[in-house]
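# Remarks on the overall topology
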Amino acid sequence: RRSSDLRHTQARQARFAALLAALDARARAEALGCVALKGSALNALGLYRPGERPMADLDLLATAGQAPGLGRVLEGLGYQQTAATWKHAVFEPKCSPDVGLFGEESGNALKIDLHTQVREILPRRAVEIAALLRPERAVPGVNPYASRAALMLHLLLHAVGAVVFRYLRLIQLHDLDRKSTRL
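Not measured: the values here are computed from a predicted model.

### So, the sheet that holds strand S1 (residues 33-36)
In space, the six strands of this open sheet follow the order S3-S4-S5-S2-S1-S8, with mixed pairing throughout. Each edge of the sheet is formed by a strand with only one pairing partner; in this case those strands are strand S3 (79-84) and strand S8 (141-143). Adjacent strand axes in the sheet meet at a mean angle of 35°, parallel and antiparallel pairs treated alike. Docked against the sheet, helix H3 (residues 67-76) engages S1, S3, strand S4 (89-93) and strand S5 (111-115), running at close to 170° with respect to S5.

What follows is the structure, encoded as structure tokens:
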């Protein structure tokens with residue numbers, strides 16, 4: 001990996017860490033809980049060296065009852081909801097134009113995807129696993145997955161869902177490889 005790419009990824013990762021810390025503090029103050037998903041969780045476990053794993057966005061999981069409050073917390077951090085899909089609500093900074101051409105350029109805006117469910121549509125049926133990912137005793141603020149196995153289950157379901165629609169990315173396979181060595 002080129003050193004300039006590494007520097008961009010390190011800088012972006014530092015910005016995500018600062019955003020997650022600010023979110024954690026505000027969510028604690030509001031007695032709201034969420035789970036930091038995928039890339040944030042993998043980085044927190046030390047599965048990647050700083051700047052090694054690029055992140056396009058910050059994925060969070062909240063209960064349906066806590067999502068509106070977390071939306072207000074995100075607004076307080078300068079974000080606004082710009083879209084909603086069957087998977088999540090998308091939050092982007094109110095005032096932050098992209099500065100680079102590549103999506104994970106260090107100065108580009110940091111997006112947040114707020115999930116109330118973790119579901120993939122597989123060939124025979126939709127599979128929903130959010131209840132398995134939330135810790136049994138969640139606390140206000142940012143929580144980890146219920147277990148390391150729950151993180152692996154989420155990574156597997158996400159990859160399988162991508163295969164169904166033919167958009168599996170190499171980073172998903174790499175995450176599975178890294179995570180499987182620590183089970």
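### Topic: the pairing of S5
Counting buried positions over the five residues of S5 gives four, a clear majority of the element. Examined bridge by bridge, strand S2 (residues 57-61) and S5 share five bridges and lie parallel to one another. Bridge pairing in S5 links Leu58 to Ile112.

### Focus: the packing of helix H5 (residues 148-164) against helix H6 (residues 170-180)
The interhelical angle for the contact between H5 and H6, taken along N-to-C directions, is 155°, at an axis separation of 10 Å. Comparing their axes, H6 and H5 come out roughly antiparallel. As H5 packs across H6, the resulting crossing turns out to be left-handed. Across the interface between the two elements, Arg148, Leu151, Met152, Leu155, Leu156, His158, Ala159 and Ala162 of H5 pack against Gln172, Asp175, Leu176, Lys179 and Ser180 of H6. Taken together, the residues that form the contact of H5 with H6 break down as seven nonpolar, three polar and three charged.

### A closer look at the pattern of salt bridges
Under the definition given, this model contains seven salt bridges. Of the charged contacts in the structure, one is a salt bridge between Glu52 and Arg178, with a shortest N-O distance of 2.9 Å. Here Arg178 lies in helix H6 and Glu52 lies in the loop between helix H2 (39-44) and S2, a separation of 126 residues in the sequence.

The rules we used
Residue numbers restart at each chain and count upward from 1, following the sequence in its written direction. Given that the model is predicted, a residue must reach a pLDDT of at least 70 before its local features are reported, and side-chain atom pairs must reach 80 or more before they are shown or counted; all residues, however, enter totals for whole chains, interfaces and linings. Side-chain numbers come from the whole structure's heavy atoms, not from hydrogens or water. Two strands are counted as paired when DSSP detects at least two bridges linking them. The way it works is that DSSP assigns letters per residue, a run of H or I at least four long becomes a helix, a run of E at least two long becomes a strand, and they are numbered from the N terminus. To get an axis, fit a line to the C-alpha atoms, keeping to the stretch in contact for a helix; angles then go from 0 to 180 degrees between the N-to-C directions. Between two residues, a contact is recorded if the distance between any of their heavy atoms is within 4.5 Å. When accessible area is computed with a 1.4 Å probe and restricted to protein chains, residues below 20% of their type maximum are described as buried, those above 50% as exposed, and intermediate ones as partly exposed. Note that the term roughly parallel is reserved for angles under 35 degrees, roughly antiparallel for angles over 145, roughly perpendicular for angles of 65 to 115, and oblique for everything else. Take the far helix as your reference; a near helix turned counterclockwise from it by less than a right angle gives a left-handed crossing, and one turned clockwise gives a right-handed crossing. Following the grouping adopted for this structure description, the nonpolar residues are Ala, Val, Leu, Ile, Met, Phe, Trp, Tyr, Cys and Pro, the charged ones are Asp, Glu, Lys and Arg, and the polar ones are all others, Gly among them. Salt bridges, as used here, are contacts in which a Lys or Arg side-chain nitrogen is within 4 Å of a carboxyl oxygen on Asp or Glu.

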